[in-house]
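Remarks on the overall topology
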Amino acid sequence: MTEIKTRSLDETIGRRLEGKRILITGTGGGQGAAAQQLFCQHGAHVIGCDATPGAAGATAAELSEQGFHAEGHEVDLADPQAAKTWVETSIETLGGIDVLYNNASAPAIAPFHEMTLEQWRFTMVNELEIIFTVTSATWPYLMKTGGSVINASSGNASMGVAPMGFAAHAAAKAGVLGLTRQLAAEGAEYGIRANAVTPGFVESPGTRGMPQEIKDYFSQRINLLPGAIQPVDIAYCALFLASDESRMVSGSEYIVDSGTNGARPA
Ligand SMILES: NC(=O)c1ccc[n+]([C@@H]2O[C@H](COP(=O)([O-])OP(=O)(O)OC[C@H]3O[C@@H](n4cnc5c(N)ncnc54)[C@H](O)[C@@H]3O)[C@@H](O)[C@H]2O)c1
């Protein structure tokens, strides 16, 4: 197994991912775009993708203009063959892979008494199956060199939230946690680490359209800290998990939820 060497703090300031070859899914906006920017700023070469036409390309183009090594492709990861092709061509471009960040997802939301099997299946495919598809295509490369897998879960995986209806999302994201721990167990002998980032309610394109009362519910009744969680708050946590600073961290869940999991506001 390849041992990752620790570096002194001075060496890593501002360049915490120097030379790392990284794939991030869902870079068309929100947390994926924030992570691609932050990772590039720390010296990584990052290839992203997104199902929304032109979105990942736009994120990457802005970074390329600033001199960073970034690419973004239009891929619907719900198509397993398209997902595999994106992984393989991207790894060829990068000359290998050090970090895979499974960030993309799309839930169908409905109260449980109205949720259809179609909505349930859509969510399972776009929140859980795409992690299987992308990770299994990446796994043979990671087995050769070791690396870090980061999976996006959700606070909803371990806490039910009444408004709107998140049954499928909660189940899929709990599945992400189980899968992450299993990847950690099976990957360890190859130097592969796997961890989950678990966001609370984040202000992103994915939540922008939600009714104001839902946003108030989170900010006033659920969140402990003042202010809203921004995509970059999640990206900073992922930065640690992507870097060698977390070389002894695997099978863990990192919660970035404004304190929701631990306490309640006054
Ligand atoms: N925003 C929140 O409050 C919140 C809370 C908990 C967990 N999360 C999780 O954090 C991650 C990032 O969320 P975000 O806030 O940036 O949401 P977002 O909706 O803004 O971004 C997700 C991106 O994934 C892309 N995507 C979805 N399905 C895809 C597919 N099949 N193929 C390719 N791309 C696809 C979307 O087009 C979108 O650009 C997600 O996994 C999400 O479930 C978000």
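Described below are features of the structure shown in this document. (Residues numbered from 1 in each chain as written. Predicted model: local features only at pLDDT ≥ 70, side-chain atom pairs only at ≥ 80, totals over all residues.)

Comments concerning the overall build of the protein chain
On a plain count of helices and strands, the protein chain comes out with nine helices and seven strands. Relative to its length of 266 residues, the protein chain is compact, with a C-alpha radius of gyration of 18 Å against a globular reference of 18 Å. The buried share of the protein chain, taken over its 266 residues, is 45%. For the protein chain, the share of sequence-separated contacts (at least 6 apart) that also reach a separation of at least 24 residues comes to 75%. (Helix = DSSP H or I, 4+ residues; strand = E, 2+ residues; numbered from the N terminus. Rg over C-alpha atoms; globule rule 2.2 N^0.38 Å. Buried ≥ 20, exposed ≤ 12 C-beta atoms within 10 Å, placed from the backbone. Contact = placed C-beta atoms within 7 Å.)

Section: the pairing of strand E3 (residues 70-74)
Bridge count for strand E2 (residues 45-50) against E3 is five bridges, and the pairing is parallel. Within E3, the position partnered with Val-46 by the bridge is Ala-70. For the crossover from E2 across helix H3 (residues 55-65) to E3, the handedness is right-handed. (Pairing = 2+ DSSP bridges. Right-handed = clockwise from strand over helix to strand, strands pointing away.)

Thoughts on the site of the ligand
Residues in contact with the ligand amount to 32 residues; listed here are only the nearest, Gly-26, Gly-30, Ala-152, Ser-204 and Gly-206. Residue composition of the shell around the ligand, by class: 15 nonpolar, 15 polar and two charged. (Near = placed C-beta within 6 Å. Nonpolar A, V, L, I, M, F, W, Y, C, P; charged D, E, K, R; others polar.)

Regarding the sheet that holds strand E7 (residues 253-256)
In any sheet, the strands associate via hydrogen bonds between backbone groups, in a parallel or an antiparallel arrangement. Pairing is parallel in the open sheet, where seven strands are placed in the order E3-E2-E1-E4-E5-E6-E7. Single-partner strands in this sheet number two, and they are E3 and E7. In this sheet, adjacent strand axes meet at a mean angle of 15° when their direction is disregarded. When strand E1 (residues 21-25) meets strand E4 (residues 99-102), the two strands line up parallel, connected through three bridges. Residue pairing across strands places Ile-22 opposite Val-99, the latter belonging to E4. Of the strands in this sheet, E2 and E3 are in contact with H3, which crosses E3 at around 165°. (Axes fitted to C-alpha atoms, helices over the stretch in contact; angles between N-to-C directions.)

With respect to the pairing of E4
Burial along E4 is two-sided: the face carrying Val-99 and Tyr-101 and the face carrying Leu-100 and Asn-102 are both buried. With four bridges joining them, E4 and strand E5 (residues 147-152) adopt parallel strand pairing. In the strand pairing of E5, Tyr-101 is matched with Ile-150. Each parallel crossover has a hand, and for E4 linked through helix H5 (residues 117-145) to E5 it is right-handed.

Regarding the environment of Val-202
Topologically, Val-202 is positioned in the loop between strand E6 (192-199) and helix H7 (205-208). On the basis of neighbour counts, which here come to 23 C-beta atoms within 10 Å, the residue Val-202 falls in the buried class. Between the alpha carbons of Val-202 and Glu-114 there is a distance of 25 Å; along the sequence they are 88 residues apart.

Quick word on the packing of helix H2 (residues 30-41) against helix H9 (residues 231-242)
Between H2 and H9, the shortest axis-to-axis distance is 8 Å and the interhelical angle comes to 50°. Classified by the angle between their axes, H2 and H9 sit oblique to one another. As H2 runs across H9, the sense of the crossing is right-handed. Side by side, H2 and H9 meet where Gly-30, Gln-31, Ala-34, Ala-35, Leu-38 and Phe-39 of the first sit next to Pro-231, Val-232, Ile-234, Ala-235, Tyr-236, Ala-238, Leu-239 and Ala-242 of the second. (Parallel < 35°, antiparallel > 145°, perpendicular 65-115°, else oblique. Left-handed = near helix turned anticlockwise from the far one by under 90°.)

Observations regarding H9
With twelve residues, H9 extends 16 Å from end C-alpha to end C-alpha; this agrees with the ideal 16 Å at 1.5 Å per step. For H9, every residue scored as buried is listed here: Pro-231, Ile-234, Ala-235, Cys-237, Ala-238, Leu-239, Leu-241 and Ala-242. Buried-residue contacts for H9 involve E1, H2, E4, E5, E6 and E7. (Expected span 1.5 Å × (residues − 1).)

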